Amino acid sequence: MKLDDLRIATKVFLPAAVLAIGILACTGLGMRQQKAIETATQDLVEHRSPAEVQSARFSRRLSMMGYAAHRIVTYDGASEAAQSASKELDKVYGEGKDSLDKMNAADPGTVAKTDPFRVRLDAIYADARRAADLGLQNDDVGATGVLTGVDPALDGLSKEMKAWGDTYHEETAALVAVAEKQARAGALLTLLFGLGCAAAGLGFSLWIGSFKISRPVTALAKTMTALARGEVDQTVVGAGRQDEVGLMARAVQVFKDNAVALRAAQAEQARIAGMSDAERTRNEAARETAARDQAFVMERVAAGLTCLAQGDLTFRVDEAFPEGYGQLRDDFNAAMDQLDAAMGAILGAVGGIGAHADEITAAADDSARRSEQQAASLE
């Protein structure tokens, strides 16, 4: 089926359908971008950020282990301060291992790096605990000798942990930058795609309204105006269409056929006028009657065509036509009814184009604003 054969309501619906499909695609694109942003955010919030926090806590526990071991040696082994420092040594050691466990749970990718740290932490704690036990026995010389090996080990592990934490933080910052860039690109892409869909839908709507509805109707209006002036040589275009425009064209063709028939009747009257005087006399009464009838019919049909050319589709021939012209009056009134119905359908359908375009353009702008808000929220 050709596009010209579709009803005007269907033609008006097509641009709306195109816009709706574009909006659905734009919405799907926005949801895809939102999902990517949510995934990146989840990775940062639930994995990498907790891992960084536990890394910092582990480094702090290393410092606290050294401090606790030195306090034990500094104070008398039987003093409350030494006993408290001994307990704190065991506590911070457990907390350090707990930080490593939480780091691995938050980001399993850190296991390969933290396992060697765990082994070294156990070795350092074993030496620190041995030094603490000597300190509790007030063997300060022996404890100090052990601590001379613990301090460099703690310092080295602390520096390595800090270096790894800095690298891990830089990787996190790079992921944040990539996520922000993707969010901005996604928002821009969604906006451009939405605007493109809106422009395509509006362009399609204008093309449908102009080339498939407005121009054919305008052409028919010009043809009707010419017929009203008596120019019966006009060609009625569009009678083969199956839409309302075709219905109007076929109605106008009826007007033209009637005008041609009237022109032929006038020619016949002229022929009769050229007959002999005797025959003219015999037919004078009949001719006068026919002339009056024809003048009456021509006047009413011409008045109807004039109203039609001025856009008045409410005109109807209510007077009874003389015998032989009744079918002409019925055809004229039927054609006016068809034109009135067709123009009503056209005006109702065309009026919906603007409303559909405004609604879908607003939806595209709203989808673009949501994407921009998501990008701003992440940043």
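Residues numbered from 1 in each chain as written. Predicted model: local features only at pLDDT ≥ 70, side-chain atom pairs only at ≥ 80, totals over all residues. Heavy atoms only, no water.

1. Examining the overall build of the protein chain
To keep it simple, the criterion reads: Segments assigned H or I by DSSP are reported as helices when at least four residues long, segments assigned E as strands when at least two residues long, and all are numbered from the N terminus. Summary of the burial criterion: residues with accessible area below 20% of their type's maximum are buried, those above 50% are exposed, and those between are partly exposed, where the area comes from a 1.4 Å probe applied to protein chains only. Only heavy atoms matter for contacts: two residues are in contact if any of them lie within 4.5 Å across the pair.
The helix and strand tally for the protein chain stands at seven helices and zero strands. When the helices and strands of the protein chain are read in sequence order from the N terminus, they spell out α-α-α-α-α-α-α. Buried positions account for 38% of the 379 residues belonging to the protein chain. In the protein chain, the share of contacts with a sequence separation of at least 24, taken over all contacts with a separation of at least 6, comes to 74%.

2. Some words on the pattern of salt bridges
Condition: Definition used for salt bridges: Asp or Glu carboxyl oxygen within 4 Å of a side-chain nitrogen of Lys or Arg.
For the coordinates displayed, the defined rule picks out twelve salt bridges. Close ionic contact of D90 with R129 constitutes a salt bridge, the shortest N to O distance being 2.8 Å. One end of the pair, D90, is in helix 2 (residues 80-106); the other, R129, is in helix 3 (residues 111-136), and 39 residues separate them in sequence. Between R316 and D337 there is a salt bridge; the shortest N-O distance is 2.7 Å.

3. Things to note about empty space enclosed by the protein
Here is the rule we go by: Of the grid points, spaced at 1 Å and generated over the protein atoms alone, those admitting a 1.4 Å probe that cannot get out make up cavities, while open sets with protein on both sides within 12 Å along at least five of seven lines make up pockets; any residue with an atom within 4 Å of a point is treated as lining. Grid points are joined across faces, edges and corners, and a volume is the space filled by probe spheres set on the points. In this count, Pro and Cys sit with the nonpolar residues alongside Ala, Val, Leu, Ile, Met, Phe, Trp and Tyr, while Asp, Glu, Lys and Arg are called charged and the others, Gly among them, polar.
Counted by the stated rule, this structure contains one cavity of 30 Å³ or more. As a volume, the largest cavity reaches approximately 30 Å³. The wall of the largest cavity is formed by Q33, A36, I37, A40, A179, Q182 and A183. Counting residues per element, the ones that place at least two in the lining of the largest cavity are helix 1 (8-74) and helix 4 (140-228). A total of four residues in the lining of the largest cavity trace back to one element, the largest contributor, which is helix 1. Of the residues contributing to the lining of the largest cavity, the split by class is five nonpolar, two polar and no charged.

4. As for the packing of aromatic side chains
Operational definition: Between the rings of Phe, Tyr and Trp (Trp by its six-membered ring), a pair exists once the centres lie within 6.5 Å; its type follows the angle of the planes, with under 30 degrees stacked, over 60 edge-to-face, and the other angles tilted.
In this structure the tally under the stated criterion is two aromatic pairs. Consider the rings of Y93 and Y125, whose centres lie 3.8 Å apart with planes at 5 degrees: the pair is stacked. Taken together, the positions of Y93 in helix 2 and Y125 in helix 3 put the pair 32 residues apart, joining distant regions of the chain. Y125 matches Y93 in its accessibility class, with the two residues each being buried. Ring centres of W164 and Y168 lie 5.1 Å apart, and the angle between their planes is 25 degrees; on these two criteria the pair is classed as stacked. Remark: Y168 and W164 occur in helix 4; sequence separation between them is four residues, near one turn of the helix. For W164, a relative accessible area of 14% translates into the label buried.

5. Notes on the layout of surface pockets
Roughly 170 Å³ of volume is contained in the largest pocket. Mapped onto the lining of the largest pocket, the elements with two or more residues apiece are helix 4, helix 5 (244-273) and helix 6 (277-309). Here the residues of the lining of the largest pocket are counted per class, giving nine nonpolar, two polar and one charged.

6. Some points on the nonpolar core
Inclusion rule: Residues belong to a common nonpolar core when they are buried Ala, Val, Leu, Ile, Met, Phe, Trp, Tyr or Cys residues joined through side-chain atoms within 4.5 Å.
Residues F58, M65, L89, L121 and V150 are the most contacted members of the largest nonpolar core, which totals 32 residues. Contributions of two or more residues to this core are made by helix 1, helix 2, helix 3 and helix 4. Top element by residues in this core is helix 4. It accounts for nine residues. If near-sequence neighbours (up to four positions away) are discounted, L89 is found in contact with M65, A68, Y125, A128, R129 and A132. Membership of the second largest hydrophobic core comes to 28 residues, among which are V236, V297, F321 and M336.

7. Focus: the side chain of Q54
Rules: Whenever a nitrogen or oxygen atom comes within 3.5 Å of another N or O atom, the pair is scored as a polar contact, on the condition that within protein one atom can donate a hydrogen and the other can accept it, and that pairs from neighbouring residues in sequence are kept only if both atoms are in side chains.
By the secondary structure assignment, Q54 is in helix 1. According to the relative accessible area criterion, Q54 is buried, its value standing at 8%. Of the polar contacts made by the side chain of Q54, one reaches the side chain of S99; its length is 3.4 Å. The residues contacting Q54, other than those within four sequence positions of it, are S99, K102 and M103.

8. Points about the packing of helix 2 against helix 3
Using the following cut-off: Axis angles are defined between N-to-C directions and span 0 to 180 degrees, where every axis is a line fitted to C-alpha atoms and, for a helix, only to the segment in contact. Here is the rule for angles: anything less than 35 degrees is roughly parallel, anything more than 145 is roughly antiparallel, 65 through 115 is roughly perpendicular, and the remaining ranges are oblique.
Between helix 2 and helix 3, the shortest axis-to-axis distance is 10 Å and the interhelical angle comes to 175 degrees. Judged by the angle between their axes, helix 2 and helix 3 are roughly antiparallel. Contact residues: helix 2 offers A82, Q83, S86, L89, D90, Y93, G96, K97, L100, D101, M103 and N104, while helix 3 offers V111, T114, F117, R118, L121, D122, Y125, A128, R129, A132 and L136. Split into classes, the residues belonging to the contact of helix 2 with helix 3 amount to twelve nonpolar, five polar and six charged.

9. Here we look at a nonpolar patch on the surface
Counted only if it meets this: A patch is a set of surface residues, each over 30% in relative accessible area and not in a salt bridge, joined within 9 Å for like charges and within 5 Å for the nonpolar side chains Val, Leu, Ile, Met, Phe, Trp and Tyr. Per-residue and other accessible areas follow the Shrake-Rupley method at a 1.4 Å probe size, with only the shown protein chains counted as cover for residues.
There is a patch of nonpolar side chains on the surface, built from L188, L192 and L195 and spanning about 280 Å² of accessible area. By the secondary structure assignment, L195 is in helix 4. Classification of L195 as partly exposed rests on a relative accessible area of 43%.

10. Notes on the environment of V254
Along the chain, V254 falls in helix 5. In sequence terms V254 and A334 are 80 residues apart; their C-alpha atoms lie 9.7 Å from each other.

11. A look at helix 2
Quick note on the threshold: Helix span, expected: 1.5 Å multiplied by one less than the number of residues in the helix.
For helix 2, built from 27 residues, the straight-helix expectation of 39 Å at 1.5 Å per residue is met to within 8% by its first-to-last C-alpha distance of 38 Å. Every buried residue of helix 2 is listed here: A82, A85, S86, L89, V92, Y93, G96, S99, L100, M103, N104 and A106.

Spatial relationships are all this shows, so hold off on functional conclusions.
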